[in-house]
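Fold and contact review
So the chains spell out like this:
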Amino acid sequence: MLSKIDLRKKAVAISLQKKQLTNVVARVGVVLDISGSMQQQYRTGIVQDVVERLLAIACQFDDNATLDVWVYDNEFSRMPSVTESGLGNYVNKQILDNPFIHKFGRNNEPPVMEDVIRKYTVEEDSSVPAFVIFINDGGVLKTIQKVITRSAVLPIFWQFVGIGDSNFEVLKRLDSMQGRIVDNANFIHWDRIERVSDEELYDKLLNEFPSWLQAAKAKRIVR
């Protein structure tokens, strides 16, 4: 019998086929909001499940089947990357039970975004694009627009995911942001991500990545 992660990898493979992404190699990262309003999502296992669902994408895209992880509130931490072997209880062990991780403060997105850029374009500069999924439950700072605009020339696609019933006005305006060589960011929103089927989750998450990839190749951002 297939494990849950194996079933999810199969669901990702179907989405990749639909979107003609089967031969694409990409690095996959997730940035997890750990501000005060996210406490329940961490304590009830929702964030652990999200990590598992996103690892399934990394298993299909990434040669090393590795999901890079960041958490942030008003500070940020770059976490150990997660693989299938280290997935069990990852959120509790690496984040919640770790006294060195700043958690449940207010949110401040630009510093963690700058660290993502640093990892993928300075420390591990590569021709392989990065697909970065950014989980947030509202109150995003307007200053993310500067970071997104500046990073449009880099091989990084930002897929923002809003969860809960907060105001996501900044993220809703991403598609109409001017001054970028390519549209390098997308926003989707679910009130209850834990109720979304794997099929819908992967289809929506991977919806705009193919068009960005095409545009980025045309502009030689991705080689």
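The structure reproduced in this document is the subject of the present report. Residues take numbers from 1 onward in each chain, read along the sequence in its written order. pLDDT decides what is reported in this predicted model: residues at 70 or higher carry local features, side-chain atom pairs at 80 or more are listed and counted, and totals for whole chains, interfaces and linings draw on all residues regardless. The side-chain quantities take in all heavy atoms of the structure and omit both hydrogens and water.

This part takes up the nonpolar core. In these notes, a set of buried Ala, Val, Leu, Ile, Met, Phe, Trp, Tyr and Cys residues joined through side-chain atoms within 4.5 Å is what counts as a nonpolar core. The buried label applies to any residue whose accessible area, calculated with a 1.4 Å probe on protein chains only, is under 20% of its type's maximum; exposed applies above 50%, and partly exposed to all values in between. Counting 57 residues, the largest nonpolar core has L32, Y42, I57, F61, L67, I95 and F209 as its most contacted members. Runs of H or I in DSSP of at least four residues are treated as helices and runs of E of at least two as strands, each being numbered from the N terminus. The leading source of residues in this core is helix α3 (residues 46-61), at 11 residues. The contact rule is simple, with two residues in contact once any of their heavy atoms fall within 4.5 Å. For L32, the residues in contact, after removing those within four places along its chain, are Y42, V47, V51, V69, W70, V71, Y72, I95 and I135. If you look at the next biggest cluster of nonpolar residues, it comprises 26 residues, including V31, Y120, L154 and A185.

Using a grid of 1 Å spacing that covers the protein atoms alone, one calls a set of points a cavity when a 1.4 Å probe fits there but cannot get out, and a pocket when the set is open and has protein on both sides within 12 Å along at least five of seven lines; lining residues are those with an atom within 4 Å of a point. Grid points are joined across faces, edges and corners, and a volume is the space filled by probe spheres set on the points. Summed over the entire model, instances satisfying the criterion amount to two cavities of 30 Å³ or more. Of the pockets and cavities examined, the largest cavity occupies roughly 40 Å³. Considering the residues around the largest cavity, the lining is formed by L32, D33, M38, Y42, I46, V47, V50, I135, I163 and I193. Going through the elements one at a time, β1 (27-33) and α3 are the ones with two or more residues in the lining of the largest cavity. Here the element with the most residues in the lining of the largest cavity is α3; it accounts for three residues. Residues were grouped as follows: Ala, Val, Leu, Ile, Met, Phe, Trp, Tyr, Cys and Pro as nonpolar; Asp, Glu, Lys and Arg as charged; and all remaining residues, including Gly, as polar. Broken down by class, the residue content of the lining of the largest cavity amounts to nine nonpolar, no polar and one charged. Its boundaries defined by the atoms lining it, the second largest cavity holds a volume of some 30 Å³. Taken together, I46, D49, V50, R53, I193 and E194 make up the full set of residues lining the second largest cavity.

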